[in-house]
Amino acid sequence: QVQLVESGGGLVQVGGSLRLSCAASGSIFSFDAMGWYRQAPGNQRYLVATVTRNGYTNYAASVKGRFTISRDNANNTVYLQMNSLKPEDTAVYYCYAARPGFPFYWGQGTQVTVSS
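Every chain is numbered on its own, with residues counted from 1 as its sequence reads. Local features are withheld for residues below a pLDDT of 70 in this predicted model, meaning they are given only at 70 or higher, and side-chain atom pairs are given and counted only at 80 or more; totals for whole chains, interfaces and linings count all residues. Excluding hydrogens and water, the side-chain figures rest on all heavy atoms present in the structure.

With respect to the pairing of strand 8 (residues 77-82)
Counting buried positions along strand 8 gives five out of six residues, so the element sits mostly inside the fold. In terms of strand pairing, strand 3 (residues 18-24) meets strand 8 through six bridges, oriented antiparallel. Within strand 8, the residue paired with serine 21 across the bridge is tyrosine 79. Note on pairing: DSSP must find at least two bridges between two strands before they are called paired. Each helix is a run of DSSP H or I of at least 4 residues and each strand a run of E of at least 2, with the numbering of both proceeding from the N terminus. The antiparallel hairpin formed by strand 7 (residues 67-72) and strand 8 contains four residues in its connecting segment, where asparagine 76 sits at a positive phi of about 55°. Here the term buried applies to any residue with accessible area under 20% of the maximum for its type, exposed to any over 50%, and partly exposed to those in between, with areas from a 1.4 Å probe on protein chains only.

Considerations on the sheet that holds strand 1 (residues 4-7)
Strand pairing in a sheet is mediated by backbone hydrogen bonds. Such pairs are either parallel or antiparallel. An order of 1-3-8-7 is seen for the four strands of this open sheet, with the pairing classed as antiparallel. If you trace the sheet from one side to the other, it starts and ends with strand 1 and strand 7, each paired once. Direction aside, the axes of adjacent strands within the sheet are offset by 15° on average. Every axis in this analysis is a line fitted to C-alpha atoms, fitted for helices over the stretch in contact. Angles between the N-to-C directions lie between 0 and 180 degrees.

Some points on the environment of tryptophan 36
Topologically, tryptophan 36 is positioned in strand 4 (residues 33-39). Spatially, the C-alpha atoms of tryptophan 36 and glutamate 6 are 10 Å apart, while their sequence positions differ by 30 residues.

Quick word on the packing of aromatic side chains
Whether two aromatic rings pair depends on their centres lying within 6.5 Å, for rings of Phe, Tyr and Trp, where Trp uses its six-membered ring; planes under 30 degrees apart make the pair stacked, over 60 edge-to-face, and the rest tilted. Under the counting rule described, the total for this entry stands at six aromatic pairs. A centroid spacing of 5.2 Å and a plane angle of 70° characterise the contact between tyrosine 37 and tryptophan 106, whose relative ring orientation is edge-to-face. Of the two residues, tyrosine 37 sits in strand 4 while tryptophan 106 sits in strand 10 (residues 105-106), which places them 69 residues apart along the sequence. The class for tyrosine 37 is buried, based on a relative accessible area of 17%. By way of ring pairs, the aromatic residues Tyr37, Tyr96, Phe104 and Trp106 are connected into one cluster. Positioned over the ring face of tyrosine 94 is arginine 45, at 3.7 Å from the centre of the ring. Seen from the ring of tryptophan 106, arginine 45 lies directly overhead, with NZ or CZ sitting 4.7 Å from the centre. Put simply, a charge is over a ring when the Lys NZ or the Arg CZ is close to the ring centre, within 6 Å, and near the line of the ring normal, within 35 degrees.

Some words on unusual backbone geometry
A positive phi angle, close to 55°, is found at asparagine 76, a residue other than glycine. Examined against the element boundaries, asparagine 76 turns out to sit in the loop between strand 7 and strand 8. Even without being glycine, serine 84 reaches a positive phi, approximately 50°.

Some points on the pairing of strand 5 (residues 46-52)
Counting buried residues along strand 5, five of its seven residues qualify, which places the element largely inside the surrounding structure. As paired strands, strand 4 and strand 5 are joined by six bridges and run antiparallel to one another. Opposite glycine 35, over in strand 5, you have threonine 50 as the bridge partner. Counting the residues that bridge the hairpin from strand 4 to strand 5 gives six residues, and of these glycine 42 lies at a positive phi of roughly 80°. Remark: four residues form the turn of the hairpin made by strand 5 and strand 6 (residues 57-59), two consecutive strands paired antiparallel; glycine 55 in that turn has positive phi of roughly 95°.

Function-wise, these values are silent; they only describe arrangement.
Here it is as structure tokens:
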């Protein structure tokens, strides 16, 4: 059973930074891709950033240039460094992991609140 545990969310002022962590219970090398979605109240869940097994990254247009996703295979952890935060970044952030032939694995979510 794969478990993803997020941490690092919190309250930050506009322009501030946070780093989210997603620790997997096993080797992340088995996943084709990992990344982060976010969901604001009343909205659907949107993809924020992805990193593949070979290190390819992709970002939503709204966060490109401000957020950086990275993976630490040795520690089975994926990170999301979020800089220059805006009020519209306020959401619950969910870590996911993708493996061929299986539904996405999800973490429990971590709240990020950006105050103006």
